[in-house]
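Residues per chain, in single letters:
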Amino acid sequence: MSSNDSTAKEQSFLFNVNKIFLVIHLLMLFMFSSLGVDLMAGVSLISICFYFLAFSLTKSEKLSIYVYSVAVEILLYMILAVVCLGIQCNFQLFLIDAMFFLFSMDYVVLRKKKNHVAILLCCVYAIALIILYMLDGFYAPLYKLDSVVIKSISIAMISGVVFLIITCMMCLLHFMSSEEGAMEKQAQFDALTELPNRFYMMAKLKNLFEAEKQGEYFLAMIDIDDFKKINDSFGHNVGDDALKMLARTIVNKARGVELSYCRWGGEEFLLLGKCVDGEVPKNFLDELRVEINSKSFWTSKGSGRMTVTIGAGKYKVGQDYKEWINFVDKQLYVGKCTGKNKVVC
């Protein structure tokens, strides 16, 4: 995944997070207005305006400003709610949610392994929680509510806290799963040609041998003839373009055919396909060779073309997959030593 795609994904994620916070504050506004808690209703209006403005931050690349601004807003909002209605209403529990939020955002969005700002804010949350519980009984809430109402608010707050903690955990699990998938893809795909790499092919061959179906298949090793001359004459960027052009040709040729492929290394590509009538499909491989020869790549001196040599072979009883690969590599060597630009099988 490119850095632009990653940033867009993070911005979209925070945009949805901001919508959740906005809805929560709208519900808080409705609750405080219904209860006649005018101070918190006014604070809720200010917070709602803040979250509307915060949408612009989620669309910019200043994601850390958004995360820390929300963290401070939650801290101030919940302290004021406790001062207004008392600790029995459990608004302070949202500070625990805020800690989950901070570390989740740190991991998912900011990607910081050591974030001193997040640690500092969490320490402030912890100190605020301790102080609020220590001061309980030393001050009277600004607004008096019926015990039934207090209990209802308390249950609602606990439910909200649990919901947000579960949401944070689900987001973390989803992110970790997607990251694992991205890392697995990165480990098994070649960045330049976007083809699978040798690790992918080796795993595929291993699975084929475990299923004992290797007798139905052939391997073919493709190597660009005189690739060093292309790099030396036109530069490595042109060489990269040639590799990408060859990769696209293989992908296009493989459509509608049971054929796996990978960039084996350097200018070598490995194909794994089903035999036709028990034999290597030499005609297919020769068509691929000719098609590659017909493609042009652009250089500072005009268009250029390249030829390839292909060594192929079907599975022979008693071979393991490494010996099989070595066999087609030797076939490739035979082709190189006998004129190049040919298929040997």
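Residues numbered from 1 in each chain as written. Predicted model: local features only at pLDDT ≥ 70, side-chain atom pairs only at ≥ 80, totals over all residues. Heavy atoms only, no water.

Q: Would you mind going over the pattern of salt bridges with me for this structure?
A: Side chains that differ in sign of charge can pair as their charged atoms come close. Scanning the model with the defined rule gives 11 salt bridges in all. Between Arg263 and Asp190 there is a salt bridge, with its nearest N and O atoms 3.2 Å apart. Placement of the pair is Arg263 in strand E2 (residues 259-265) and Asp190 in the loop between helix H6 (147-188) and helix H7 (198-210), with a sequence separation of 73 residues. Both residues of the pair, Arg263 and Asp190, belong to the buried class. Here Arg289 ties to Asp286 by a salt bridge, and the two come within 2.9 Å at their closest N and O atoms. Taken together, the positions of Arg289 and Asp286, both in helix H10 (residues 282-294) and three residues apart, correspond to about one turn of that helix. (Salt bridge = Lys/Arg side-chain N within 4 Å of Asp/Glu carboxyl O. Helix = DSSP H or I, 4+ residues; strand = E, 2+ residues; numbered from the N terminus. Buried < 20%, exposed > 50% of the residue type's maximum accessible area, 1.4 Å probe, protein only.)

Q: Quick question: what am I supposed to make of H10 here?
A: An α-helical turn contains 3.6 residues, so a residue and the one three or four places further along point in the same direction. With 13 residues, H10 ought to run about 18 Å at 1.5 Å a step, and its terminal C-alpha atoms sit 18 Å apart, in line with that. Taken together, the buried positions of H10 are Phe284, Leu285, Leu288, Arg289, Ile292 and Asn293. (Expected span 1.5 Å × (residues − 1).)

Q: I'm lost on a nonpolar patch on the surface in this one. Help?
A: A surface patch of nonpolar side chains, about 430 Å² in accessible area, is lined by Ile127, Ile131, Leu135 and Phe138. Relative to the helices and strands, Phe138 resides in the loop between helix H5 (116-135) and H6. (Patch = residues over 30% accessible without salt bridge, like charges linked within 9 Å, V, L, I, M, F, W, Y side chains within 5 Å. Areas by Shrake-Rupley, 256 points an atom, 1.4 Å probe, with all protein chains shown as cover.)

So yeah, pure geometry; function would need other evidence.
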